[in-house]
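Here is how the chains run, residue by residue.
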Amino acid sequence: MVNQIVELDLTYAAQQPTTADVVIIGGGIMGLSTAWHLADRGVRHIVVVERAALGSGSSAKPLGGVRANFSDPGNILLGQRSLAAFRDFPHRMGASIGLQQVGYLFLCRSDEEAAGLEGSTELQNSMGVKTRMVSPREAAQINPLLDSDALVGASFSPEDGYANPSLVVEGYAARAMELGVTILDRTHVLNIDRQGDSITSVTTNRGVIRTSAVVCCAGAWSARIGAMAGVDLPVTPVRRLIGLTRQCSEPYPRLPFTLDLSTTCYFHNYGNGLLLGISHQEESGFCREFDYAWLPEFSAAAATCAPELEHPDLVGGWAGLYENTPDRNALIGEADELPGFFYATGFSGHGFLQGPAVGELMADLYLGRESFIDAKHFSVERFSDNSVGLRELNII
Ligand SMILES: Cc1cc2nc3c(=O)[nH]c(=O)nc-3n(C[C@H](O)[C@H](O)[C@H](O)COP(=O)(O)OP(=O)(O)OC[C@H]3O[C@@H](n4cnc5c(N)ncnc54)[C@H](O)[C@@H]3O)c2cc1C
């Protein structure tokens, strides 16, 4: 049974409180992971405000890739920590999330790409991630849809894979509510009110919540939330699309999440069919309509590296928004100019796989505790202060 795009129509419809210790804006993976981690650490009077249904933003996709296969220490650590939480989710959160550790296979088709992957693989190995370089022949054994002649090599990270974002959102929401978190769905944040350098309240379409702390987890809409508080969050919405193939009577072989570096074309199993796509060039904007403009580009890429997929038998698909930052890395921190305004956004296509770790980091940041990574390297200040940089990441 294949689970298509899900919006969690849970209609929590709690009464809106008049005060809160912290208001979290956004009911996607980030908002709900942050809410649960805060509540789990003993914070009370937490309110999550979501203008539509939970998971109706970018967190509603059918399957989300999860991996620690990155090229820099910060993203490796966020991915690694989240993978551990995804593995432990059924035990710790009491919810199955459909985690399939089928591995990630990054294909390279030039020596330059191979050298890049070798460097990333070494770095990952030094941090305990079991990625390895594989030959074209081995890559085609791991994924029989590939044409080994098109490849120079590949990197394979066997512990990566994918899980179901809706189930993760639902799991965090259910456990957060058990710990007393108030979740207001179908409630719009209209304004963040401040007096000087302090937040005083959040205004929604249902009234005013007095609070001194706000966490912006508004995904692709975060720049608007930042503007309400006078904080510049450089997050740009960009449409991304996924195609769904027909469910076949015979399943495809079990495939890793496979991504061709030179074209960005990717595919993996989805029930007895496949999910597939490519990072087609898009203007920025909030359009979330699905179309097939990306398909010729996908077909051209597939013709070379996975010829069987040149003309995929598509039955539809899904469009959602990437929440891109100028350097395609997350924005995580507390605004220098407005203490009490926290942000976890700009995940640039990696927000699902980073959700558990970032929720933990946000809770530590709010409580002023040392965390597993220093959040300052993801601070928005890096765009105005050159001394703050992702490369210098100091891993604790
Ligand atoms: C096609 C596609 C494929 C992807 N694949 C992957 C993948 O394989 N792996 C991965 O890790 N990530 C992937 N991503 C990215 C991932 O889905 C996002 O990074 C992640 O879901 C972001 O979660 P979030 O909670 O920050 O934002 P969202 O889930 O977008 O949640 C933000 C919420 O804020 C709410 N909101 C906005 N404004 C207001 C307001 N004024 N008042 C109240 N609520 C408001 C919105 O309604 C929304 O529900 C993909 C994205 C797309 C589009």
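A. The arrangement of the packing of helix H1 (residues 29–40) against helix H5 (residues 165–178) in detail. Following both chains from N to C, one finds H1 and H5 inclined at 30°, their axes separated by 9 Å at the closest point. Of the two possible hands of crossing, H1 and H5 adopt the one that is left-handed. Packed against H1, whose contacting residues are Ile29, Leu32, Ser33, Ala35, Trp36 and Ala39, the element H5 presents Pro165, Val168, Val169, Tyr172, Ala173, Arg175 and Ala176 at the interface. Taken together, the residues of the contact of H1 with H5 sort by class into 11 nonpolar, 1 polar and 1 charged.

B. Broad picture of the pairing of strand S10 (residues 198–204). Strand direction decides the pairing type here: strand S9 (residues 189–195) and S10, joined by 6 bridges, are antiparallel. Residue Asn191 lies in a different strand from S10, and its bridge partner there is Thr203. Remark: 2 residues form the turn of the hairpin made by S9 and S10, two consecutive strands paired antiparallel; Gly196 in that turn has positive phi of roughly 60°. Relative to strand S11 (residues 207–210), S10 is paired through 4 bridges, and the arrangement is antiparallel. Among the inter-strand pairings, Val202 is bridged to a residue of S11, identified as Ile209.

C. Structural context of the site of the ligand. If you check the shell around the ligand, you find 38 residues, and the closest are Gly28, Gly57, Gly219, Gly320 and Gly351. Those elements that provide at least two residues to the shell around the ligand are H1, strand S3 (64–66), strand S13 (236–245), strand S17 (314–324) and helix H8 (351–367). Per-element accounting of the shell around the ligand gives the leading share, 4 residues, to S17. Its residues assigned to classes, the shell around the ligand shows 16 nonpolar, 17 polar and 5 charged. Viewed by domain, the shell around the ligand spans two of them, domain 1 (22–61 + 165–235 + 327–392) and domain 2 (104–158 + 237–324), each represented by three or more residues.

D. Here's a closer look at the pairing of strand S15 (residues 266–270). For S15, a buried count of 4 out of 5 residues is recorded, marking the element as mostly surrounded by other parts of the structure. From the end of strand S14 (residues 257–260) to the start of S15, which pair antiparallel, there are 5 residues, and Thr264 there has a positive phi angle of about 70°. Bridge analysis of S15 against strand S16 (residues 273–277) gives 5 bridges, and the strand direction is antiparallel. Bridging across to S16, Tyr270 finds its partner in Gly273. Between S15 and S16, which pair antiparallel one after the other, the connecting turn spans 2 residues, and Gly271 there sits at a positive phi close to 60°.

E. Spotlight on the sheet that holds S9. What the 3 strands build is an open sheet, ordered S9-S10-S11; its pairing is antiparallel. Strands at the two margins of the open sheet, each flanked by one partner only, are S9 and S11. When the angles between neighbouring strand axes are averaged without regard to direction, this sheet yields 25°.

F. The arrangement of the sheet that holds strand S2 (residues 46–49) in detail. Read from one edge of the open sheet, 6 strands run S8-S2-S1-S12-S19-S18, paired in mixed fashion. Taken across any chain shown, the strands that pair with only one partner, and hence form the sheet edges, are strand S8 (182–184) and strand S18 (331–334). Strand-to-strand, the axes of this sheet are offset by a mean angle of 15°, without reference to chain direction. The strands that H8 touches are strand S1 (22–25), strand S12 (214–216), S18 and strand S19 (341–345); relative to S19, the one it contacts most, it runs at about 170°.

G. Quick look at the domain arrangement of the chain. In terms of domain boundaries, the chain breaks down into domain 1 (22–61 + 165–235 + 327–392) and domain 2 (104–158 + 237–324). Computed from C-alpha atoms alone, the centre-to-centre distance between domain 1 and domain 2 is 30 Å. Counting residues at the interface gives 13 residues for domain 1 and 8 residues for domain 2. Across the side of domain 1 that touches domain 2, the residue classes tally to 3 nonpolar, 8 polar and 2 charged.

H. Spatial organisation of unusual backbone geometry. Residue Thr264 is not a glycine yet carries a positive backbone phi of 70°. Taking the C-beta count within 10 Å as the criterion, Thr264 has 14 such neighbours and is therefore assigned partly exposed.

I. Inspection of the nonpolar core at higher detail. Counting 114 residues, the largest nonpolar core has Val23, Ile25, Ala35, Val214, Val215 and Cys216 as the members making the most contacts within it. When residues in this core are grouped by element, the largest group, 9 residues, is from H8. In this structure, Val23 is in contact with Val47, Val49, Val202, Ile209, Thr211 and Val214, ignoring residues within four places of it in sequence.

J. Expanded view of the environment of Glu178. Along the chain, the position of Glu178 falls in helix H5. Look at Glu178 and you get exposed, because 11 C-beta atoms sit within 10 Å. A sequence separation of 147 residues divides Glu178 from Gly31, and the C-alpha atoms of the two residues are 16 Å apart.

K. Region of interest: the confidence of the model for the chain. Of all residues in the chain, 94% have pLDDT values of 70 or greater, and the mean over the chain is 93. With pLDDT under 50 throughout, residues 1–6 is counted as low confidence; its partners more than four residues away or in other chains account for 13 contacts.

So, how was this worked out
Residues numbered from 1 in each chain as written. Predicted model: local features only at pLDDT ≥ 70, side-chain atom pairs only at ≥ 80, totals over all residues. Axes fitted to C-alpha atoms, helices over the stretch in contact; angles between N-to-C directions. Helix = DSSP H or I, 4+ residues; strand = E, 2+ residues; numbered from the N terminus. Left-handed = near helix turned anticlockwise from the far one by under 90°. Contact = placed C-beta atoms within 7 Å. Nonpolar A, V, L, I, M, F, W, Y, C, P; charged D, E, K, R; others polar. Pairing = 2+ DSSP bridges. Near = placed C-beta within 6 Å. Domains from an automatic or database assignment. Buried ≥ 20, exposed ≤ 12 C-beta atoms within 10 Å, placed from the backbone. Core = buried A, V, L, I, M, F, W, Y, C linked by C-beta atoms within 7 Å. pLDDT = per-residue confidence, 0-100.

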